[in-house]
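Here is what each chain is made of, one letter per residue.
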Amino acid sequence: MAQHTYSAPGEYTIRLEIRDSGGIANSTTRIVLVENTPPIATFLLKNCEGDFKVECVVDASSSSDLEDVATSLEVRWDWENDGIWDADWSSLKVTSHQYAVTGTYTIRMEVRDSGGLAASTSKSVHIQVRSDYSLALFVLAAIVATVAIVILTAIYFSKKKRAMDETRSDAQRDHADRP
Ligand SMILES: [Ca+2]
């Protein structure tokens, strides 16, 4: 019994030769079909949650295939999982996308091997987008709050000063009234 591993899919002819102790040989062949298998689709999300105008980075370099090396695999992306691929097939596994609206999105990725077999996977992510408008409102609110604090502090101290001045002038009057 013998065993052999084929590194690439295709049609192979296996030839067996047999020889007896007298040196007389005979052979036979058999054709085997080594089939391609689909790749395994996986990807990672980086820096996708949170801040103002965040660029969601995706990395599909963990995708693999039994017959192909990772560099010959190609990937494509659907950023909203709406069934429309948003980019052409590319051998670059790391890319990024910027969302304009806050929401929970399903990102779908498809990977294909050199034999044309494909597999896909998806991941759900909540994207928090802070728009220019809301950032401007936030800055404006901060300025208004700071100005209000300054004005209120000034009013407080001017009232306190006036009260102290009145107390002082009352004391002076009392002193002057005394015989
Ligand atoms: Ca394959």
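Residues numbered from 1 in each chain as written. Predicted model: local features only at pLDDT ≥ 70, side-chain atom pairs only at ≥ 80, totals over all residues.

**Quick notes on the overall build of the protein**
Scanning the protein from N- to C-terminus turns up one helix and eight strands. In sequence order, the secondary structure elements of the protein are arranged as β-β-β-β-β-β-β-β-α. The C-alpha radius of gyration of the protein comes to 38 Å, more than 25% above the 16 Å expected for a compact globule of 179 residues. With the C-alpha coordinates of the protein rotated into their principal frame, the extents come out at 155 × 40 × 20 Å. Counting across all 179 residues of the protein, residues that qualify as buried make up 12%. (Helix = DSSP H or I, 4+ residues; strand = E, 2+ residues; numbered from the N terminus. Rg over C-alpha atoms; globule rule 2.2 N^0.38 Å. Buried ≥ 20, exposed ≤ 12 C-beta atoms within 10 Å, placed from the backbone.)

**A look at the sheet that holds strand S7 (residues 103-112)**
Strand pairing in a sheet takes place through backbone hydrogen bonds and is either antiparallel or parallel in direction. Sheet architecture is open: three strands sit in the order S5-S7-S8, paired in antiparallel fashion. Bordering the open sheet on either side are strand S5 (74-78) and strand S8 (118-127), each of which pairs with just one other strand. The sheet shows a mean angle of 20° between the axes of neighbouring strands, taken without regard to direction. (Pairing = 2+ DSSP bridges. Axes fitted to C-alpha atoms, helices over the stretch in contact; angles between N-to-C directions.)

**Points about the domain arrangement of the protein**
One widely used convention gives an interface's size as the accessible area the parts lose upon coming together. According to the domain assignment, the protein consists of domain 1 (44-127) and domain 2 (132-179). When each unit is reduced to the centre of its C-alpha atoms, the spacing between domain 1 and domain 2 is 58 Å. (Domains from an automatic or database assignment.)

**Details of the sheet that holds strand S3 (residues 44-46)**
Here we have three strands laid out as an open sheet, ordered S3-S4-S6, and antiparallel in their pairing. Two strands close off the open sheet at either side, each with one partner strand: S3 and strand S6 (94-98). In this sheet, neighbouring strand axes are inclined to one another by 25° on average, regardless of whether the strands run parallel or antiparallel.

**Here we look at the nonpolar core**
Counting residues in hydrophobic clusters, the biggest one holds twelve residues: Ala-41, Phe-43, Cys-48, Val-58, Ala-60, Leu-73, Val-75, Tyr-105, Ile-107, Met-109, Val-111 and Ile-127. Ranked by the residues each element gives to this core, the list is headed by S7, at four residues. For Val-111, the residues in contact, after removing those within four places along its chain, are Pro-39, Ala-41, Ala-60, Ser-63, Leu-73, Val-75, Ala-118 and Ala-119. (Core = buried A, V, L, I, M, F, W, Y, C linked by C-beta atoms within 7 Å. Contact = placed C-beta atoms within 7 Å.)

**A short note on unusual backbone geometry**
Its identity as a non-glycine residue notwithstanding, Asn-47 has a phi of 60°, on the positive side. C-beta crowding within 10 Å serves as the criterion here: with 12 such atoms nearby, Asn-47 is assigned to the exposed category. Phi at Asn-81 takes a positive value of approximately 55°, unusual for a residue other than glycine. Mapped onto the secondary structure, Asn-81 falls in the loop between S5 and S6.

**Comments concerning the environment of Val-69**
Tracing the backbone shows Val-69 in the loop between strand S4 (55-59) and S5. For Val-69, a count of 10 C-beta atoms within 10 Å puts it in the exposed group. Each C-alpha atom, one on Val-69 and one on Asp-113, is 9.0 Å from the other, the two residues being 44 residues apart in sequence.

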